[in-house]
Amino acid sequence: MSLNYFDLFGLIPTFDIDLTALEANFRKIQSDNHPDRFVTATASEKLTSMQTATLANEAYQTLKSPGLRGSYLLGLSGIIAVDEKNNQMPADFLMQQMEWREAVEDAENARNISALENLLETIASEAKQLQSGLSNQFKQNKLADATDSTRKLIFMDKVRADIIKVIEKLED
Amino acid sequence: MAYSDKVLDHYENPRNVGSLDKNDPNVGTGMVGAPACGDVMKLMIKVDDNGIIEDAKFKTYGCGSAIASSSLVTEWLKGRTIEQAYAIKNSEIAEELALPPVKIHCSVLAEDAIKAAVSDIKAKQQAAKEAA
């Protein structure tokens, strides 16, 4: 049996994880498996340590992001939250996404960094609400609702990441 | 990842970007979003009295393949009936654009957007009929 991502970092599989512990355990695994420590090791030991470091990196990126963490946690219960064949989202949610995207585009064209920062703040606060709702849904084992929230959170994470990229580009 | 020439062409010169009047009774709107990548796509079609699509516009926020898929379908949709539009398969889009397997989901998104837009116009027409 293979370890799940939570086990790998010694965490209980739950949505509200201890992010500090996640970070610390990730750093420890990366440092224990650093190539410098395996200079004189056998080929098979080198391979194992490299695979562990790669897995830890993938697991860390997944658990760090609330949307991906929700999706992974649902997967442990056999629920596929993110299916490429299912692109139906609530209309009002998509409308809001479109409006944000258009606002980002306008602000980028106007090189208006403070507008982008305001937008980022608005979206962060919406994401926070969604995240606290998701936390409750997991606690109450409302997995269908948790699936909806998780799907939404992934969009929120994406739009935020894109805005940060635009800001960095404008600041260059 | 290398994009095909056709994807690049649509990505660099997207056709029919924009919006139509969503309150027009002859305009159908399809909005879809892919949680797998966070892409969002809006497709609007304007249908004449014979059920033929006379105009199509799109707005897509996503990767090059998603933009190319939606740009391509706006070209395909004009002149087709809504039934023909509904029958468009993602595999035709993927084949035309030579999408690699990891980008097939972008063509699925475009197919879903067409179906959503057609369903919207049908619902509008039905509502208009009932109101008459």
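Residues numbered from 1 in each chain as written. Chains lettered and ligands numbered in written order. Predicted model: local features only at pLDDT ≥ 70, side-chain atom pairs only at ≥ 80, totals over all residues. Heavy atoms only, no water.

1. Looking at the overall build of chain A
Applied cut-off: Secondary structure elements follow DSSP: runs of H or I no shorter than four residues count as helices, runs of E no shorter than two count as strands, and numbering proceeds from the N terminus. Contacts are assigned to residue pairs with any non-hydrogen atoms lying within 4.5 Å of each other.
Check the secondary structure of chain A and you find seven helices and zero strands. Expressed as lengths along the three principal axes of its C-alpha atoms, the size of chain A is roughly 55 × 45 × 30 Å. Contacts spanning at least 24 positions in sequence make up 70% of the contacts within chain A whose residues lie at least 6 apart.

2. A look at the sheet that holds strand 3 (residues 53–61) of chain B
Residue and element names in this part refer to chain B. For clarity, the threshold we go by: A pair of strands is treated as paired once DSSP finds two or more bridges between them. To get an axis, a line is fitted to the C-alpha atoms, and for a helix only the part in contact is used. The angle between two axes follows their N-to-C directions and goes from 0 to 180 degrees.
If you trace the three strands from one edge of the open sheet to the other, you get 1-2-3, paired in antiparallel fashion. The sheet is open, and its two borders are formed by strand 1 (27–34) and strand 3, each paired with just one other strand. On average, each strand axis in the sheet is inclined to that of its neighbour by 15 degrees, with strand direction left out of account. In this sheet, strand 2 (residues 39–47) lies alongside strand 1 in antiparallel orientation, the contact comprising eight bridges. Each bridged residue has a counterpart across the sheet, and for Met31 the counterpart in strand 2 is Lys42. Sheet contacts for helix 5 (residues 104–131): strand 1 and strand 2; angle to strand 1, the most-contacted strand, approximately 145 degrees.

3. So, the pairing of strand 2 of chain B
All names here are of chain B. Applicable threshold: Remark: exposure states derive from per-residue accessible area (1.4 Å probe, protein chains only) relative to the maximum for the residue type, with buried under 20%, exposed over 50%, and partly exposed in between.
A large share of strand 2 lies buried, amounting to eight of its nine residues. Between strand 1 and strand 2, which pair antiparallel in sequence order, lie four residues; one of them, Gly38, sits at a positive phi of approximately 80 degrees. Inspection of the sheet shows strand 2 paired to strand 3 by eight bridges, in the antiparallel sense. Each residue of the ladder has a partner; that of Ile45, found in strand 3, is Ala56. The turn linking strand 2 back onto strand 3 is made up of five residues, and Gly51 within it adopts a positive phi angle of 75 degrees.

Any functional reading would require information that these geometric values do not contain.
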